[in-house]
Structures are given as structure tokens and as C-alpha cells.
Amino acid sequence: MAQRVTLRKRQSYNTTSSRRRVVKTPGGKVVYHHIKKLATAPKCGDCELKLPGVPALRPREYATISKRQKTVRRAYGGSRCGACVRERVVRAFLVEEAKIVKKVIKQASKPGKK
């Protein structure tokens, strides 16, 4: 017959925060080991892609690691992926170019004043 196992925490409900695994100790006793929740990796705010270079940790564990491990040394590092940053830079450049072209066309169509 299987050995009975008692809970180690007061909470008796089978929730995600109360997951457990049955483990046999070297003394031959069967006990529960409580399993921590899985961490999810931070994702890009635009394309929902996992951010490369930033570890997947539980929220409280980010407080224990240094800033260089939480970000990437780039504009929007740790918030947006490289492809999305490139897209933003190109879009901003093209918008500025369009403004300049519009200005030049407006000046060319205007009769010249001296």
C-alpha cells in the first residue's frame, strides 16, 4: 500500500501556487516538495516576441539581479526587440524625409520673391 503524505503548507487547495511533487528522501520517507511557479520571459511590446538577452524570472527575482542583466544596451533595450526598434528608426527617418520633401515642393511651387 502507498505511504500517506501530509501537506507541508497550511493551504490545502490544489492551486497553481500550491503544486507539489512526491519525493522519497534518503531515509526512505515519502514527502511533498512544493514546486515554484514557472517564470515567463519578458516580451516585446510591439510583436510579443520573447526578448533575447533578458532572462525569464519571477517578478521578485528581477530585484536581485543587476541592471545589465535586465536590459540590452540599445534604445528601447529590455522593452522592444531589435527588429521593432529598427522599424521605428526607419519609420521616423522616412517621416522626417517626407516633411523635407513636402517643404521643398511647397517652396518650388511658390513664385520666387526677391
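Residues numbered from 1 in each chain as written. Predicted model: local features only at pLDDT ≥ 70, side-chain atom pairs only at ≥ 80, totals over all residues. Heavy atoms only, no water.

1. Considering the pairing of strand β1 (residues 20-24)
For β1, the tally of buried residues reaches only 0 of 5 residues, placing the bulk of the element at the surface. Pairing geometry for β1 and strand β2 (residues 30-34), over 5 bridges, is antiparallel. Bridging across to β2, Arg-20 finds its partner in His-34. Hairpin connection between β1 and β2: a loop of 5 residues separates the two successive antiparallel strands, and Gly-28 in this loop has a positive phi of roughly 90°. (Buried < 20%, exposed > 50% of the residue type's maximum accessible area, 1.4 Å probe, protein only. Helix = DSSP H or I, 4+ residues; strand = E, 2+ residues; numbered from the N terminus. Pairing = 2+ DSSP bridges.)

2. Some points on the pattern of salt bridges
Applying the stated criterion across every chain, the model contains 4 salt bridges. Here Arg-80 and Asp-46 are joined by a salt bridge, their closest N and O atoms 3.2 Å apart. Here Arg-80 is found in the loop between α1 (67-70) and α2 (82-109), whereas its partner Asp-46 is found in the loop between β2 and α1, with 34 residues between them in sequence. Across the pair Lys-99 and Glu-96 runs a salt bridge, and its minimum N-O distance is 3.5 Å. Residue Lys-99 and its partner Glu-96 are both found in helix α2; the two are separated by 3 residues, about one turn of the helix. Exposure remark for Glu-96: the relative accessible area of 42% places this residue in the partly exposed category. Residues participating in the shared-partner salt-bridge network are Asp-46, Arg-80 and Arg-88. (Salt bridge = Lys/Arg side-chain N within 4 Å of Asp/Glu carboxyl O.)

3. Remarks on the side chain of Arg-80
What makes Arg-80 buried here is its relative accessible area of 18%. At 2.8 Å, the side chain of Arg-80 forms a polar contact with the side chain of Ser-79. Excluding residues within four positions of it along the chain, Arg-80 makes contact with Cys-44, Gly-45, Asp-46, Leu-51, Arg-74, Val-85 and Arg-88. (Polar contact = N/O pair within 3.5 Å; in protein donor to acceptor, adjacent residues only side chain to side chain. Contact = heavy atoms within 4.5 Å.)

4. Comments concerning the side chain of Ser-18
With respect to the secondary-structure elements, Ser-18 resides in the segment before β1. The class of Ser-18 is buried, set by a relative accessible area of 1%.

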